[in-house]
Amino acid sequence: MEYRNIELLRFTTAGSVDDGKSTLIGRLLYDSKSIFRDQMDAVEESSRNKGYDYVDLSLLTDGLKSEREQGITIDVAYRYFATPKRKFIIADSPGHIQYTRNMVTGASTANLAIILIDARKGMMEQTHRHAFIASLLRIPHAIVCVNKMDLVDYSEDVYDQIIASFKAFSSKLSIKDIQFIPISALNGDNVVHRSEKMDWYEGSSLMYHLENVHISSDLNLIDCRFPIQSVIRPHTLDYQDYRGFTGRIDGGVFKPGDKVKSLPSGFISTIKTIELNGEQISEAFSPMSVTMTLEDEIDNSRGDMIVRENNVPNIGQDLEVLVTWMSAKPIQIRTKVILKHTTNECMAIIKELKYKIDINTLHRIEGIDRVEMNDIVRMSIRTSKPLFYDSYKRNRQTGSIIIIDEQTNETIGAGMII
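What this report covers is the structure whose coordinates are included nearby. Nothing here was measured: the structure is a model prediction, and the numbers come from that model.

**Structural notes on the pattern of salt bridges**
1) Next: This model, assessed by the stated rule, comprises 17 salt bridges.
2) Next: One salt bridge in this structure joins aspartate 318 and arginine 382, with 2.7 Å as the shortest N-O distance. Highlighted residues: aspartate 318 in strand β17 (residues 314–325) and arginine 382 in strand β23 (residues 376–389), separated in sequence by 64 residues.
3) Next: The exposure class of aspartate 318 is partly exposed, given its relative accessible area of 37%.
4) Next: Among the salt bridges present, the one from glutamate 320 reaches arginine 378, with a minimum N-O distance of 3.1 Å. Residue glutamate 320 is located in strand β17, and its partner arginine 378 is located in strand β23; the two are separated by 58 residues in the primary sequence.
5) Next: Owing to a relative accessible area of 22%, glutamate 320 belongs among the partly exposed residues under this scheme.
6) Next: If you follow the salt bridges from partner to partner, you end up with Asp118, Arg120 and Lys148 in one network.

Printed below as a string of C-alpha cells:
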C-alpha cells in the first residue's frame, strides 16, 4: 500500500479523568489492526497481572510507568496509525486540571478534537475546560463521544440529555463542526464498527467519521506566508551563484513565476524555482517544506519572510496575545522573556496583564497582577524588533508564539495573537 500520498489527520483526545480516552485509542488501534502481536501479548499479560478479567486496551497508550501504575495519563502520548483511506497522528492528552498545559500542547496542531464524556457523569468541569481550549486553539472539527454507554444500558434518554447540555455550552464557543456519537470504548460499540445495541443511533461510527471528515479546506490557502528557516549556499563549481531559501510554507500557494515581496527589506522579486526533495515542482502550499530560489540576489536570512506583493501580514512590535501559562514560576508585568514566532526569535517584555479567563464560566477576571501555571491570560507584549504576523484566527501558524525564560531556556508560555 502506498501511504506517502494519503492525507494525514491529526487529532487530539480530551476529557475528564477516567472518561476512557486511553481505552478508546487502544480500541481504535486494536480494531483497525494497527498494533503488533508482541504489543498485544504484553498488554494481555499486564491485564492478567493486574487481576482484570478483560484486556485493558488503555495500556497500549499509557506509556509512562507512573501512568500505568495509577491508570491515568500524565504526559501527551503520540500514536501513529494508518488505514487504506488516511494516516493518523493521535495526541492523547491528560485529563487532570494541573495538566491543562499538556492538553494545549497536544491540541495545538490538531485538525480535530475528540471530547469524551462519561455517560454516567455527564458534563464535568474538565469537559468545559477542554471544549473551551479546543475552541480557543481554533480546532476546526470536534467529535463529542459519549462513552461508557454500556454502563447506562445504552439509554437514548441519557445520551440526549448530555448532548442537550453540551450544545447549550458550546453555543458560546467557536467550533465550526461538532458531531455526536454514543460509544463504548471497552466493548467497541460505534468505535470502528456500528453497534447493534444502539439501533436508535442513526449516525456513523467514530472511525468512519475520522476517515471521511473533510479537512483539506481548513488550511489558509489565501495568505501566502513562507518564513525562511535557512539559506543554502553550496559554493560548488556546479552551483556558483545558487542561493536557496528553505522553510515550511505557513499559508497560501506559491508557484514559479509569482511576484513576491521579501520582509523586512521590502524588495520585490520573482520565484525562479521551487524544489522538494531535490526535484523542481510546479506549485507548493501549506504545510510543505521546500527550497525556493528567486530571480534576484536578495539578502534574506533566517526569520525573514517571503509573501505576496499585494498580501502582506501585520508588521509590528506590539502584540495582543492570549497565553496559556506553562511554568510553575508565576510571571508579572515588566518581565523580560524570549519570544519565538515562526522562524524568528527576539527579546520581549510583558507590558500589561489584562485579564484571565475563568474556564468554567468563560467570564473574564480583571485586575490581575500575576499569572500562575495553567492560567489562560490576555496580555500585551512588546518585542525588540518587528514581527510579521497574522491573527491566530486567520492563520494558526503565523498567529502563534512561544514564550521562553531567558535564564533557563525553558518554554514557559504558548500564545495566540489576537
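**Describing the packing of aromatic side chains**
Within a pair of aromatic rings, the relevant descriptors are the distance that separates the centres and the angle that separates the planes.
1) Next: On inspection of all chains with the given rule, the structure shows 5 aromatic pairs.
2) Next: Consider the rings of phenylalanine 11 and phenylalanine 88, whose centres lie 6.2 Å apart with planes at 80°: the pair is edge-to-face. Within this pair, whereas phenylalanine 11 is found in strand β1 (residues 8–15), its partner phenylalanine 88 is found in strand β3 (residues 87–92), the two being separated by 77 residues in sequence.
3) Next: Classification of phenylalanine 11 as buried rests on a relative accessible area of 1%.
4) Next: Residue class for phenylalanine 88 comes out buried when judged on its relative accessible area of 0%.
5) Next: Ring centres of phenylalanine 226 and phenylalanine 254 lie 6.3 Å apart, and the angle between their planes is 65°; on these two criteria the pair is classed as edge-to-face.

**As for helix α6 (residues 156–170)**
1) Next: Look at α6: 21 Å from first C-alpha to last across 15 residues, which is about the 21 Å you get at 1.5 Å a residue.
2) Next: Listed in full, the buried residues belonging to α6 are Tyr159, Ile162, Ile163, Phe166, Phe169 and Ser170. Angular distribution of buried residues about the axis of α6 spans 125°; they occupy a single face of the element. Counted as exposed and oriented over 90 degrees from the buried face of α6: Asp157 and Gln161.
3) Next: As for α6, its buried residues are in contact with β4 (112–118), α5 (125–136), β5 (141–147) and β6 (177–182).

About the criteria used
Residues numbered from 1 in each chain as written. Predicted model: local features only at pLDDT ≥ 70, side-chain atom pairs only at ≥ 80, totals over all residues. Heavy atoms only, no water. Salt bridge = Lys/Arg side-chain N within 4 Å of Asp/Glu carboxyl O. Helix = DSSP H or I, 4+ residues; strand = E, 2+ residues; numbered from the N terminus. Buried < 20%, exposed > 50% of the residue type's maximum accessible area, 1.4 Å probe, protein only. Phe/Tyr/Trp six-rings, centres within 6.5 Å; stacked < 30°, edge-to-face > 60°. Expected span 1.5 Å × (residues − 1). Arc of directions from axis to C-beta. Contact = heavy atoms within 4.5 Å.

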